[in-house]
Amino acid sequence: MCYAIPAKIVKIDDNTAIVDYFGEEKKILLDLENVKIGDYIYAQGGISVRKIQEDEAEEILKIWQETFFELKKTDEALAKIDQNNLPKNALHVLQNINLRKTIKKDEITTLLDLNLTEERKVLYEVANNVRQKEHGNASCVHGIIEFSNYCQNGCSYCGLNNQQKVTRYRMSADEIVATAQHAVDEYEFKALVLQSGEDYFYDDAKLIEIVKRVRALGVLVFLSIGSRSKELYEKLYDAGARAALLRFETSNSEIFKQLRPGTTLDDRLDLIKSLTKMGYILATGFMLGLPDETTEDLANNILLTHALQPEMYSFGPFIPTKGTALESHQSSSIEKVLNTIAACRFVAPSGNILLTTAMETLSPTSKRDALLAGANSMMINLTPLSYRKLYNIYDNRAGIDKSIEKSIQETTELLYSLGRAPTDIGLN
Ligand code: 5AD
């Protein structure tokens, strides 16, 4: 739940609080000093991130109120389905799921393999309906800053692997903080993902400094820095980071071994589980369409993501990159991606499902399609343009030339057209 509109604290119990959003009550973790009942705060991923003055909060709520309820109506109308009128032949699976409220592996594979346009249309409509029932029109919009494209790993799918000939860059702590500050002051971001390759130039001390300074801006600090040590992640939690994005990439340990030389799936999963134990809000997931991947592997990827109990599902299609070992392996189809989003929505009705840049790279309409197939979260790239084009995880990445203003404008227009409330960024 990412309604980053001001929430009023109505009850406090040790380190948790009940907050009110236009009459809807939610439980959050209190992660701020000196807050009391009646105060207004912003929360992200169920954690408070910043206190707001009462008059400022009431002003923002006044502006939002009307828009918010208008948007809700649009979203509800778009998400309506006639449960009794689903095509019988195609989607009895959906009816079974609906009755049982659980989904089995063979049902997931059936949904993943649907390819008739009419069947897929119904699949997405039902998934969107589930999203709407669970989340209302809330949509998380986080910012992402890709602060270094150095990586010590040799992953054969990745355009930043240590064998690739790319111009490398590193942003200094001051540059990272200035980029974050601009995102907060100008665009009102409330959650920032700090992403890089696995770059040991940023040692414990450097990362602690960066996390502390970004956290001090009043945002949720979301790390995406790869398989660094548990000790480091612990220190960064203490420094104020509260969320971590770390994909396991594939649930098939054989494929994993081949594509990530020198590392194992077990180690990766062990770290991901530790992050949750440390208290991090977890985002995890996989790539779709890696070589030798079967539909059953894909279903296993979804089920493994679910078993890790993440707050956010982050997955996207593999996309080939020139110069890598997989340069001639084809990316998966947008249909497969959309089916995967919908299947995830049934597996985890209340999860946040991220619409990723790799999805966007596949087709120009994919953002809208993904949001109407069960996805409810987005990220806006805040990396300075001069660096962004060098962060070439894969070729033809969408949005490498797009200004932040343009990205925000397009995102809000899209979300508004679907009745979603992009409350994590300023009202436009
Ligand atoms: N295509 C799509 N996604 C990729 N990633 C890395 N390389 C590729 C590629 N060629 C993803 C990985 C990684 C994330 C940061 O980017 O899943 O976890």
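Residues numbered from 1 in each chain as written. Predicted model: local features only at pLDDT ≥ 70, side-chain atom pairs only at ≥ 80, totals over all residues. Heavy atoms only, no water.

J.: An account of the site of the ligand is requested, with residue identities and associated values reported.
T.: All residues adjacent to the ligand are Y157, C158, Q195, R247, E249, M287, P317, F318, I319, T321, I393 and Y394. For the ligand, a nitrogen atom lies 2.7 Å from a polar atom in the backbone of I319. Starting from 400 Å² of accessible surface for the ligand in isolation, the protein chains cover 86%. Each residue belonging to the shell around the ligand can be placed in one class, and the counts come to eight nonpolar, two polar and two charged. (Near = heavy atom within 4 Å. Polar contact = N/O pair within 3.5 Å; in protein donor to acceptor, adjacent residues only side chain to side chain. Areas by Shrake-Rupley, 256 points an atom, 1.4 Å probe, with all protein chains shown as cover. Nonpolar A, V, L, I, M, F, W, Y, C, P; charged D, E, K, R; others polar.)

J.: Give me the lowdown on a negative patch on the surface, citing residues and values where you can.
T.: Together, E54, D55, E56, E58, E59 and E188 make up a region of like negative charge exposed at the surface. Relative to the helices and strands, D55 is located in helix α1 (residues 54-78). (Patch = residues over 30% accessible without salt bridge, like charges linked within 9 Å, V, L, I, M, F, W, Y side chains within 5 Å. Salt bridge = Lys/Arg side-chain N within 4 Å of Asp/Glu carboxyl O. Lys, Arg positive; Asp, Glu negative; His and termini not counted. Charge placed at Lys NZ, Arg CZ, Asp CG, Glu CD. Helix = DSSP H or I, 4+ residues; strand = E, 2+ residues; numbered from the N terminus.)

J.: So what about the nonpolar core? Which residues, and what values?
T.: By size, the foremost hydrophobic cluster in this structure holds 104 residues, and its most contacted members are Y280 and I341. The biggest single contributor to this core is helix α11 (residues 334-347), with nine residues. If we skip the residues at most four places from it in the chain, Y280 touches L223, Y233, L236, Y237, A241, R242, A243, A244 and L275. V35, I52, L61 and A191 belong to the second-largest nonpolar core, a separate cluster that totals 36 residues. (Core = buried A, V, L, I, M, F, W, Y, C linked by side-chain atoms within 4.5 Å. Buried < 20%, exposed > 50% of the residue type's maximum accessible area, 1.4 Å probe, protein only. Contact = heavy atoms within 4.5 Å.)

J.: Can you break down the pairing of strand β6 (residues 140-148) residue by residue, with the values?
T.: The buried fraction of β6 is high, at nine of nine residues. Relative to strand β15 (residues 377-381), β6 runs parallel, the two being bridged by five bridges. Bridging from a neighbouring strand, V141 pairs with M378 of β15. Judged from the five bridges that link them, β6 and strand β7 (residues 191-196) form a sheet pairing that is parallel. Bridged to S148 within β7 is S196. This β-α-β element, β6 to helix α5 (residues 173-187) to β7, shows right-handed connectivity. (Pairing = 2+ DSSP bridges. Right-handed = clockwise from strand over helix to strand, strands pointing away.)

J.: Pulling in residues and values, what's your account of the state of the cysteines?
T.: Disulfide: a covalent bond connecting the sulfur atoms of a pair of cysteines. Within the structure shown, the criterion is met by zero disulfides. For the unlinked cysteine C344, the closest cysteine sulfur is that of C140, found at 15 Å. You can call C344 buried: its relative accessible area is 0%. (Disulfide = S-S within 2.5 Å.)

J.: I'd like a description of α11, backed by residues and values.
T.: In a regular helix each residue adds 1.5 Å, so 14 residues correspond to 20 Å; α11 covers 20 Å between its end C-alpha atoms and thus fits that length. Most of α11 sits inside the fold, with 12 of its 14 residues counted as buried. Among the residues of α11, those classed as buried are I334, V337, L338, N339, T340, I341, A342, A343, C344, R345, F346 and V347. (Expected span 1.5 Å × (residues − 1).)

J.: Lay out the sheet that holds strand β10 (residues 281-284) in plain terms, naming residues and giving numbers.
T.: Sheet strands line up and pair through hydrogen bonds in the backbone, either parallel or antiparallel. Around the barrel, which closes on itself, the eight strands sit in the order β6-β7-β8-β9-β10-β12-β14-β15 with parallel pairing between neighbours. By the bridge criterion, three bridges tie strand β9 (residues 241-245) to β10 in an arrangement that is parallel. Each residue of the ladder has a partner; that of A243, found in β10, is I281. Relative to strand β8 (residues 220-224), helix α6 (residues 204-215) is tilted by about 145°, and along the sheet it contacts β6, β7, β8 and β9. (Axes fitted to C-alpha atoms, helices over the stretch in contact; angles between N-to-C directions.)

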